[in-house]
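Close look at the chain arrangement
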Amino acid sequence: MKYNTKLSDYQLKKIIKHFCVDIEASKTALLTGFNRNTINHWYSIFRHEIYRYQSEQKDLLYGSIEVDESYFGAKRQRGFHGKLKRGRGTLKQPVFGIFERDGRVYTEIVPDCKKQTLQAVILGKVSLESVIYSDSWRGYSGLVDVGYSKHLRVNHGQNEFADGTRHINGIESFWSFTKRRLAKFNGVTKNFDLHLKECEWRWNRNSDELSHELWRLLK
């Protein structure tokens, strides 16, 4: 192992197992008998390794691709007294997501959801031969002009949510999973980027698979 530790492989794998089942650090300390600081230390290492691994995935996403954005953060920001909006008018942090059907999901924290911002992310992560599915947000306009010949939209404003393969159910399912998971921790105000990539890594995978991969990453 490249980390200095007094733990045996058996003890470390025990902590990894609890982490991959998504048990909080305080409960893991109680269940394993290890010091809470020790668990916090290793959970932090795990999250940084996962973040590094997810960020280093260089292969372009290919095939049927769903794109969508979501918003994270407190319901009200300190010092703001106006009426808060939902969705694209909110003060929350925007996150852009790309989902390769039957494959990976990629997320990126973005400053806004304007066309130039979203197109730059898509061009950097999605193969031009792909079929892109999105909602009708104007930020997705012009993808054909930059080389994506197949771009299909779902008009949620007209209660159009699924029509055969024309849907974005996959990426919306990921957003639901991520928000449910972060709610277990009463939201995440610190190291949001680490937790976001962790959700990316965890999604649609069982704990045994995650445990084997995390052990490999730590070697």
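So, here is what we can say about the structure in this document. As the structure is a prediction and not an experimental result, all values here were calculated from the model.

1. Focus on the overall build of the protein chain
Counting its regular elements, the protein chain contains seven helices and seven strands. Listing every helix and strand of the protein chain by position from the N terminus yields α-α-α-β-β-β-α-β-β-β-β-α-α-α. Each of the 219 residues in the protein chain was classed as buried or not, and the buried ones make up 44%. Taking all contacts inside the protein chain whose residues are at least 6 apart in sequence as the whole, residues at least 24 apart take part in 60%.

2. Focus on the packing of aromatic side chains
Enumeration over the complete set of coordinates arrives at eleven aromatic pairs. The aromatic ring of Trp215 is capped on one face by Lys13, whose charged end is 4.7 Å from the ring centroid. Sitting above the plane of the Tyr106 ring, Lys125 keeps its charged end 4.5 Å from the centroid.

3. Topic: the pattern of salt bridges
Inspection of the entire model under this criterion finds 13 salt bridges. Among the salt bridges present, the one from Asp22 reaches Lys184, with a minimum N-O distance of 3.3 Å. With Asp22 in the loop between helix 1 (9-20) and helix 2 (25-32) and Lys184 in helix 5 (residues 169-184), this residue pair connects regions lying 162 residues apart in the sequence. Judged by its relative accessible area of 40%, Lys184 is partly exposed.

4. Focus on the sheet that holds strand 1 (residues 64-72)
Strand order in the open sheet formed by five strands is 3-2-1-4-5, and the pairing between neighbours is mixed. Here the strands that pair on one side only, and so sit at the sheet edges, are strand 3 (105-109) and strand 5 (150-154). The mean inter-strand angle of the sheet, taken between neighbouring strand axes irrespective of direction, is 25°. Pairing of strand 1 with strand 2 (residues 93-100), which is carried by eight bridges, proceeds in the antiparallel orientation. Bridged to Ser70 within strand 2 is Val95. Strands in contact with helix 5 are strand 1, strand 2 and strand 3; relative to strand 1, the strand with the most contacts, it is inclined by about 35°. Against the sheet, helix 6 (residues 192-202) engages strand 1, strand 2 and strand 3, with an angle of about 165° to strand 3.

Reading the values: rules and limits
Residues numbered from 1 in each chain as written. Predicted model: local features only at pLDDT ≥ 70, side-chain atom pairs only at ≥ 80, totals over all residues. Heavy atoms only, no water. Helix = DSSP H or I, 4+ residues; strand = E, 2+ residues; numbered from the N terminus. Buried < 20%, exposed > 50% of the residue type's maximum accessible area, 1.4 Å probe, protein only. Contact = heavy atoms within 4.5 Å. Phe/Tyr/Trp six-rings, centres within 6.5 Å; stacked < 30°, edge-to-face > 60°. Lys NZ or Arg CZ within 6 Å of the ring centre and 35° of its normal. Salt bridge = Lys/Arg side-chain N within 4 Å of Asp/Glu carboxyl O. Pairing = 2+ DSSP bridges. Axes fitted to C-alpha atoms, helices over the stretch in contact; angles between N-to-C directions.

From the geometry alone we can't say anything about function, so treat these as descriptive.
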